[in-house]
Amino acid sequence: MNTQPQSLYNEDFNAWALGEAQKLKLKQFDAVDWTNLIEEVEDMSKSQRRALESRLIVLIMHMLKWQVQFEKQCNSWQATIDNQRLQIRKLLKDMPSLKTSLELIIMDNDNYRAAVLEAIEETSLDRSLFPKELPYTLEQILDDNFYPNTI
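As a starting point, this report considers the structure included with it. In this text the structure is predicted, and so the values were computed from the model without any measurement.

For the rest of this paragraph, the subject is the overall build of the protein. Counting secondary structure elements, the protein contains seven helices and zero strands. Going residue by residue from the N terminus, the α and β elements of the protein occur as α-α-α-α-α-α-α. The C-alpha atoms of the protein give 21 Å as radius of gyration, which overshoots the globular expectation for 151 residues (15 Å, by more than 25%). Taken along its principal axes, the extent of the C-alpha atoms in the protein is 65 × 30 × 25 Å. Expressed as a percentage of its 151 residues, the buried residues of the protein come to 34%.

Below, the structure written as structure tokens:
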């Protein structure tokens, strides 16, 4: 690998990516910047998993707000819950292999803590008002007809 691709990779990622795609199309395999290309492909996978994780955290956070602040339930919270579920379904439809990550993401206590912290920040409520552990099953989280009852 020459230094030109590395330099372009660092200076203009878009130009580098287009150039690498062109080399692959032309089957110029000896000219491909394999090190960076492999890293980018791996990062794409991680990025999609993080997108799923982020949507699940936002969804759970709004479900918690719905449950804890029943007197403030509003259309925008419901719309956010519905939209996150829709976007999660779209991600899973486009990338079915992400389904294997769903349970792991849901069971990760750090993700639940992140949802609780975001809910606390948005509501200014005390931490003690939120369940210590995730109170919903994966099926409930993804169920379009499920909205948590009040605690």
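Okay, back to it.
A separate point is the side chain of Q84. Among the secondary structure elements, Q84 is positioned in helix α4 (residues 75-94). Classification of Q84 as buried rests on a relative accessible area of 10%. A polar atom in the side chain of Q84 sits 3.2 Å from the side chain of R55. Filtering out sequence-adjacent residues up to four positions away, Q84 remains in contact with R55, V58 and L59.

With glycine set apart, most residues show a phi of negative sign, and most peptide bonds adopt trans. The residue K27 is not glycine, and still its phi comes out positive at about 60°. Examined against the element boundaries, K27 turns out to sit in the loop between α2 (13-25) and α3 (34-68). Not every positive phi belongs to a glycine, and S124 is a case in point at roughly 60°. Tracing the backbone through its elements, the reader meets S124 in the loop between α6 (109-123) and α7 (138-142). A residue is classified by how much of its surface remains accessible, and S124, at 65% relative accessible area, is exposed.

Relative orientation of the contacting elements α3 and helix α5 (residues 99-107) amounts to 50°, with a least axis distance of 10 Å. The pairing of α3 with α5 is recorded here as oblique in orientation. Of the two elements, α3 crosses α5, and the hand of that crossing is right-handed. In this structure, α3 contributes R49, L52, E53, L56 and I60 to the contact, and α5 contributes S101, L102, L104, I105 and I106. Residue classes in the contact of α3 with α5 are distributed as seven nonpolar, one polar and two charged.

Space inside the largest pocket adds up to approximately 190 Å³. As for the largest pocket, its lining consists of E103, I106, M107, N109, Y112, R113, K132, E133, L134, Y136, T137 and L138. For the lining of the largest pocket, the secondary-structure elements that each account for two or more residues are α5 and α6. For the lining of the largest pocket, the class distribution of residues is six nonpolar, two polar and four charged.

All right, on to the pattern of salt bridges then. For the structure on display, the rule yields five salt bridges. Salt-bridge contacts for K23 lead to E20; the nearest nitrogen and oxygen are separated by 2.8 Å. Pair noted here: K23 and E20 are both in helix α2, with a separation of three residues, about one helical turn. The pair K23 / E20 is uniform in exposure class, with both members buried. Of the charged contacts, one joins D110 and R113 as a salt bridge, the two residues approaching to 2.2 Å between their closest N and O atoms. With D110 and R113 both in helix α6, this residue pair falls three residues apart, about one helical turn. Among the residues examined, D110 registers a relative accessible area of 47% and is labelled partly exposed.

Parameters and conventions
- Residues numbered from 1 in each chain as written.
- Predicted model: local features only at pLDDT ≥ 70, side-chain atom pairs only at ≥ 80, totals over all residues.
- Heavy atoms only, no water.
- Helix = DSSP H or I, 4+ residues; strand = E, 2+ residues; numbered from the N terminus.
- Rg over C-alpha atoms; globule rule 2.2 N^0.38 Å.
- Buried < 20%, exposed > 50% of the residue type's maximum accessible area, 1.4 Å probe, protein only.
- Polar contact = N/O pair within 3.5 Å; in protein donor to acceptor, adjacent residues only side chain to side chain.
- Contact = heavy atoms within 4.5 Å.
- Axes fitted to C-alpha atoms, helices over the stretch in contact; angles between N-to-C directions.
- Parallel < 35°, antiparallel > 145°, perpendicular 65-115°, else oblique.
- Left-handed = near helix turned anticlockwise from the far one by under 90°.
- Nonpolar A, V, L, I, M, F, W, Y, C, P; charged D, E, K, R; others polar.
- 1 Å grid on protein atoms, 1.4 Å probe; cavity = no way out; pocket = protein on both sides within 12 Å on 5 of 7 lines; lining within 4 Å.
- Points joined across faces, edges and corners; volume = space filled by probe spheres on them.
- Salt bridge = Lys/Arg side-chain N within 4 Å of Asp/Glu carboxyl O.

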